Amino acid sequence: MIEKILPSRVAVAEAFSDLPDAVLLPGEEQLARGFVEKRRKEFTTTRHCARRALDSLGVAPVPILKGERGVPLWPEHTVGSLTHCTGYRAAAVAHRAEVLSIGIDAEQDAPLPGDVHNSIALASEQRRERELRLEHPEIHWDRLLFSAKEAVYKTWFPLTHRWLGFEEADIELRLDGGFTAELLVSDRRPVAAARVREVPAALHGRWLCQGGLLLTTIVVENGPGTARGTGS
């Protein structure tokens with residue numbers, strides 16, 4: 001399903017339930033130590049999806065470990081992103097020669113708790129949400145905004161190794177299935193050796209509402225000059 005809002009150069013694997021044949025590799029077992037059974041199953045299935053997606057790129061199975069702030073560590077020359085929510089797990093990966101960073105997120109199409117919404121949504125975003133809700137009240141725009149902000153962070157951090165707060169991205173969701181995230185930070189340079197000199201001032205993504213799920217994606221292309229975020 002999520003492949004509908006990702007370019008063809010990004011390989012995807014997804015599952016709508018936990019897979020009985022999914023297993024953890026050495027190293028991942030340590031990461032899952034102490035997990036309750038439900039969390040362990042979703043963790044295992046999401047890692048299984050990652051290996052299926054990497055196999056589509058011709059990359060042999062490897063443990064997907066965690067780096068700084070829990071970011072997945074991908075095999076050399078690849079980039080990727082993971083997501084999971086109730087009833088859905090997915091991985092998206094690409095060759096670094098073509099893509100610099102990917103951010104994907106999945107959420108249930110359900111209302112976002114009011115206290116969470118107020119803590120993550122800017123006044124400008126709340127105003128646009130109200131306008132969108134008038135046209136399509138069946139979509140939970142508050143939860144979609146949260147998902148888009150998650151996708152922004154998953155894209156941003158591997159490029160910069162810097163924290164980005166919810167209030168530091170002003171997201172405009174559009175009815176055409178796209179969104180733009182204006183980064184409200186004056187310094188977009190990485191703090192360590194990274195893949196770009198500077199992240200663009202705005203990232204562009206896509207969203208999908210289907211089957212009780214809200215999905216968001218961002219892809220930053222590996223092209224000449226400053227990296228460019230795109231949803232297609």
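Residues numbered from 1 in each chain as written. Predicted model: local features only at pLDDT ≥ 70, side-chain atom pairs only at ≥ 80, totals over all residues. Heavy atoms only, no water.

Visitor: Explain the pairing of strand β9 (residues 202-210) to me, please; I cannot follow it from the model alone.
Guide: It is a general feature of regular strands that their side chains alternate between the two faces of the sheet. Looking at chain direction, strand β8 (residues 178-183) and β9 are connected through five bridges and run antiparallel. Residue pairing for β9: Phe 179 is matched across the bridge by Gly 205. By the bridge criterion, six bridges tie β9 to strand β10 (residues 213-221) in an arrangement that is antiparallel. If you follow Arg 206 over to β10, its bridge partner there is Thr 217. (Pairing = 2+ DSSP bridges. Helix = DSSP H or I, 4+ residues; strand = E, 2+ residues; numbered from the N terminus.)

Visitor: I keep staring at the packing of aromatic side chains and nothing clicks. Help me out?
Guide: Within a pair of aromatic rings, the relevant descriptors are the distance that separates the centres and the angle that separates the planes. The tally for this structure, following the rule as stated, stands at six aromatic pairs. On the basis of an interplanar angle of 75 degrees and a centroid distance of 5.4 Å, the ring pair of Trp 141 and Trp 207 is categorised as edge-to-face. Taken together, the residues span a long stretch of sequence, with Trp 141 in helix α5 (residues 141-160) and Trp 207 in strand β9 at a distance of 66 residues. Across the pair, Trp 207 and Trp 141 agree in class, each one buried. Put simply, the rings of Tyr 153, Phe 157 and Trp 163 pair up and form one aromatic cluster. (Phe/Tyr/Trp six-rings, centres within 6.5 Å; stacked < 30°, edge-to-face > 60°. Buried < 20%, exposed > 50% of the residue type's maximum accessible area, 1.4 Å probe, protein only.)

Visitor: Please explain the sheet that holds strand β5 (residues 88-95) as it appears in this structure.
Guide: Spatially, the three strands line up as an open sheet ordered β1-β5-β4, and their pairing is antiparallel. Both outer strands of the open sheet, β1 (11-15) and β4 (78-85), are each paired with one neighbouring strand and no more. Strand-to-strand twist in this sheet, taken as the mean axis angle between neighbours without regard to direction, amounts to 10 degrees. Packing against the sheet, helix α2 (residues 37-56) makes contact with β1, β4 and β5, and its axis sits at approximately 30 degrees to β5. (Axes fitted to C-alpha atoms, helices over the stretch in contact; angles between N-to-C directions. Contact = heavy atoms within 4.5 Å.)

Visitor: What exactly am I supposed to notice about the confidence of the model for the protein here?
Guide: Looking at the protein as a whole, the pLDDT averages 91, with 94% of positions reaching at least 70. When pLDDT is averaged over each element of the protein, β5 comes out on top at 98 and strand β11 (residues 228-230) at the bottom at 49. With pLDDT under 50 throughout, residues 225-229 is counted as low confidence; its partners more than four residues away or in other chains account for 17 contacts. (pLDDT = per-residue confidence, 0-100.)

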